[in-house]
Amino acid sequence: MIATTAAPPSERGAAFAAVLQRQGAAVVLVLGVAAAWFAFPRFGSADNLRDLALQSSFLAVIALGMTFVIISGGIDLSVGSVYALGGVLAAYGSRYGLVVAILLPLVVCGLIGLINGLLIARTKMAPFIVTLASLLFARGLLLALTNEGATTYKVGPGSALLWLGQGKIFGIGVPVYLALVLFGLGGLLLRRTRFGQSVFALGGSEQSALLMGLPVARTKITLYTLSGTLAGFAGVLTAAYLQSGVTVLGVGTELDAISVVVIGGTLLTGGAGTVVGTLVGVLLKTLIQNVINQVGTLDSNYQTVVSGAFLLVVVVIQRLLARSRRS
Amino acid sequence: MSTATLTRPDRARVTSWLQNYGVYLAVVVLLLFNIAFTKNFLSAANFRTQLVQAAPVCIVALGMALVIGTEGIDLSVGSVMSVAAALVPLYLGAGPVMVIVVALIAGVASGLFSGFLVAQLGIQPIIATLALLVGGRGLALVIAHGQLVQLHNPDFLALGTGDVLGVPIMVLVAAVLSVLAGLLVRRTTFGRHLVAVGGNRPAATLAGLPVKRVLIGVYAMSGALAAIAGVLSTARLAASDPNDLGLLMELSAITAVVVGGTPLTGGRVRVLGTVFGALLMQLVHATLIKHNLPDSAAQMVQAAIIVAAVYVARERSTR
């Protein structure tokens, strides 16, 4: 433990570990894309790449909100149900015009997020358990709205909502642009605003954040509202894309969202993370799915096995790197 | 109205009483309500159905209670159930005993794996078991080729539908396991260590307790119990259904544990409370269904119960 030189190798190693921890997913993504491009002739086709981007965009919107929540040291298990609820509300609302189709899900889903935030901030209950309850609640609400899942609301063929999901600009789906814009805004919000600073401070140490006089409760309430609203918006996009509100959607989506956030280098313990990392995580997940589909002979169930194993590898590496940096 | 407000110490006493006995009170109230207002509730056949339906949740919740006692969480239980279910048809040819042994090995192995990640690598329980939740069901589906398999072996099906001295085997198994879990927590060194690890990990480490072994042990037990629940449920369904078996079971189990008064912050395990927590959730569900309220209402009520239970339990940690 004696520093002998100006730049001891252990320090360089630590810096390397830090870069790897933050950019590891990006490295794997680049390697994965290169390998897939080489191995599957169809992978590199413009059609396939556009599909990849479109498929990624829905989960990306949900994961954006989750990134904020996890950086703050919390977790939002309700997003899968809220996502499905948002889709059903959008399809239901589409008969009353575009404004209702978009606002109704955003308001209801935002409200569920707001209630999550209020309960978590004001009663000091664990985020995990509060959002678990709202997972059940949102799914119940969804079932009540659809006659226990028997009714499927369709988005009418003439509805302007459809463009949001199926429209294309320069051949690329509208949801892709929307997701990118939201990520841009999310990045700015996280890096350039007082709110973003509070989120990081909260994730670092809630005690310190309180002592620093940061608006801890207000930040938490905003965070969960944001997460609920984004999940609802992803539902709107999905309903527009599929032309209906699919009731069975979103089971386990919260776990997908958490996985991609963690794979993207955001620490589950809070205090560190990036929205770009999350985007990389989402792309990586879609890539894995795509590759397994391309292989064709592989049982599609391997997707979840690989996703689970991958999540595990990333978390273990994160953990080992964090440990090596500390020592 | 104004005179009815409780003073602070009164409120604390009420809360503390609710924390300790709320779940038993709730079960009794619901039973009385149903006996009075629900048609055909007071029959042996119905009680039997209620108990049989509560049994798998109860078995899984026992393991969950041990894990939560160490300030952990096990999200993988539903997937472990589905893995156990997927293995059943593969080994049924060798007899029910073989099926149980294989399922137990798979359950313990899954638990050891989670426990290793938590204890040795220091990965948060929620994420360590999340990986198995995601991957485990995939693995089950791969094993079963995504197929539901009908089962016809009468010896095996008896596990789900049979009786011993008039008590359904599922209920009997749940009862025996509950007693064993109670003894484990109250009467063994392992149980005392478990509570100490959950109460204050650094202190337990300093005191030289085998923290890692305790952690790995509770996840292994949780895995084993989930596997048992998986086998029993498969026998009851007379079908191996890795797609749907155990879906959202982690939520039901956590709910039963929390409603039963075990705090999520660890350091305390209430086995009897957990059993009653499982019974309560079953009764709530049955009450709503029997009064023609739809599944959706049942889910929303369940959500409200979780919040209420945790809200009540929360006061203990803040005091």
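Predicted, not measured: the structure shown is a model, and the values here were computed from it. (Residues numbered from 1 in each chain as written. Chains lettered and ligands numbered in written order. Predicted model: local features only at pLDDT ≥ 70, side-chain atom pairs only at ≥ 80, totals over all residues. Heavy atoms only, no water.)

**Comments concerning the overall build of chain B**
- Looking only at helices and strands, chain B features 13 helices and 4 strands.
- For 319 residues, the compact-globule estimate of 2.2 N^0.38 gives 20 Å, and chain B sits close to it at 20 Å.
- Projected onto the principal axes, the alpha-carbon positions of chain B cover approximately 70 × 60 × 35 Å.
- Relative to its 319 residues, chain B shows a buried fraction of 55%.
- When contacts within chain B are restricted to residue pairs at least 6 apart in sequence, those whose partners lie at least 24 apart make up 78%.
- With the model as given, the accessible surface of chain B reaches about 13900 Å², and the carbon-plus-sulfur share is 66%.
- Each charge class in chain B can be summarised by its mean position, and for the 19 positive and 10 negative side chains these summaries are 13 Å apart. (Helix = DSSP H or I, 4+ residues; strand = E, 2+ residues; numbered from the N terminus. Rg over C-alpha atoms; globule rule 2.2 N^0.38 Å. Buried < 20%, exposed > 50% of the residue type's maximum accessible area, 1.4 Å probe, protein only. Contact = heavy atoms within 4.5 Å. Areas by Shrake-Rupley, 256 points an atom, 1.4 Å probe, with all protein chains shown as cover. Lys, Arg positive; Asp, Glu negative; His and termini not counted. Charge placed at Lys NZ, Arg CZ, Asp CG, Glu CD.)

**Quick look at the confidence of the model for chain A**
All names here are of chain A.
- Across chain A, the average pLDDT comes to 86, with 91% of residues at 70 or higher.
- Confidence scores differ between elements of chain A, with helix H1 (residues 9–39) showing the lowest mean pLDDT of 74 and helix H10 (residues 216–242) the highest of 95.
- For the stretch residues 1–6, pLDDT sits under 50, and the model shows 0 contacts to residues farther than four places along the chain or on other chains. (pLDDT = per-residue confidence, 0-100.)

**Thoughts on the interface of chain A and chain B**
- Taken together, the contact pairs 36 residues of chain A with 39 residues of chain B.
- Of the roughly 3400 Å² buried between chain A and chain B on both sides combined, carbon and sulfur atoms contribute 81%.
- The largest per-residue losses of area from chain A upon contact with chain B belong to Phe128, Leu136 and Leu312 of chain A, which jointly make up 16% of the total buried on that side.
- Scanning the region where chain A abuts chain B turns up 0 salt bridges.
- Broken down by secondary-structure element, the contributors of at least two residues to the side of chain A that touches chain B are helix H4 (98–123), helix H5 (127–145), helix H11 (253–263) and helix H13 (302–326) of chain A. (Buried area = accessible area lost by both parts, 1.4 Å probe. Salt bridge = Lys/Arg side-chain N within 4 Å of Asp/Glu carboxyl O.)

**Regarding a nonpolar patch on the surface**
All names here are of chain B.
- A surface patch of nonpolar side chains, about 710 Å² in accessible area, is lined by Val164, Leu165, Val167, Leu172, Val176, Val179, Leu180 and Leu183.
- Tallying contributions element by element places helix H7 (residues 169–187) first for the nonpolar patch, with 5 residues.
- By the element assignment, Val164 lies in strand S2 (residues 163–164). (Patch = residues over 30% accessible without salt bridge, like charges linked within 9 Å, V, L, I, M, F, W, Y side chains within 5 Å.)

**Here's the deal with unusual backbone geometry**
- Even without a glycine there, the phi angle at Leu165 of chain B is positive, about 55°.
- Its place among the elements puts Leu165 of chain B in the loop between S2 and strand S3 (167–168).

**Some points on the packing of aromatic side chains**
Residue and element names in this part refer to chain A.
- According to the stated counting rule, one finds 8 aromatic pairs over all chains in the structure shown.
- Aromatic side chains Tyr92 and Tyr153 sit 5.1 Å apart centroid to centroid with 70° between the ring planes, which places their arrangement in the edge-to-face category. In this pair, Tyr92 sits in helix H3 (residues 79–93) while Tyr153 sits in the loop between H5 and helix H6 (161–166), placing the two residues 61 residues apart along the sequence.
- On the accessibility criterion, Tyr153 (13% relative accessible area) is buried.
- Aromatic rings pair up to connect Tyr92, Tyr96 and Tyr153 into one cluster. (Phe/Tyr/Trp six-rings, centres within 6.5 Å; stacked < 30°, edge-to-face > 60°.)

**Some thoughts on empty space enclosed by the protein**
- With the rule as written, the count across this model stands at 2 cavities of 30 Å³ or more.
- Taken as a whole, the largest cavity spans an internal volume of roughly 70 Å³.
- Lining the largest cavity, in full, are Asp256, Ser259, Ile263, Leu284, Lys285, Ile288, Ser307, Phe310 and Leu311 of chain A together with Val134 of chain B.
- Counting residues per element, the ones that place at least two in the lining of the largest cavity are H11, helix H12 (275–295) and H13 of chain A. (1 Å grid on protein atoms, 1.4 Å probe; cavity = no way out; pocket = protein on both sides within 12 Å on 5 of 7 lines; lining within 4 Å. Points joined across faces, edges and corners; volume = space filled by probe spheres on them.)

**Examining helix H5 (residues 125–144) of chain B**
All names here are of chain B.
- Between its first and last C-alpha, H5 extends 28 Å over 20 residues, near the 28 Å set by a 1.5 Å rise per residue.
- Gly135 marks the point of greatest bend in H5, at about 25°.
- Backbone geometry just after H5 places His145 at a positive phi near 55°. (Expected span 1.5 Å × (residues − 1). Bend = angle between axes of the 7 residues up to and from the residue.)

**Thoughts on the pattern of salt bridges**
Residues and elements named next belong to chain A.
- The tally for this structure, following the rule as stated, stands at 4 salt bridges over all chains.
- Two residues, Asp256 and Lys285, come together in a salt bridge whose shortest N-O distance is 3.6 Å. Note that Asp256 is positioned in helix H11 and Lys285 in helix H12, a separation of 29 residues in sequence.
- A relative accessible area of 13% places Lys285 in the buried class.

**Focus: the packing of H7 of chain B against helix H8 (residues 189–199) of chain B**
Residue and element names in this part refer to chain B.
- Packing of H7 against H8 brings their axes to within 5 Å, and their N-to-C directions diverge by 75°. By the angle between their axes, H7 is roughly perpendicular relative to H8. Two secondary-structure elements touch here, H7 through Leu184, Val185 and Arg187 and H8 through Thr189, Phe190, Gly191 and Arg192.
- Tallied by class, residues from the contact of H7 with H8 come to 3 nonpolar, 2 polar and 2 charged. (Axes fitted to C-alpha atoms, helices over the stretch in contact; angles between N-to-C directions. Parallel < 35°, antiparallel > 145°, perpendicular 65-115°, else oblique. Nonpolar A, V, L, I, M, F, W, Y, C, P; charged D, E, K, R; others polar.)

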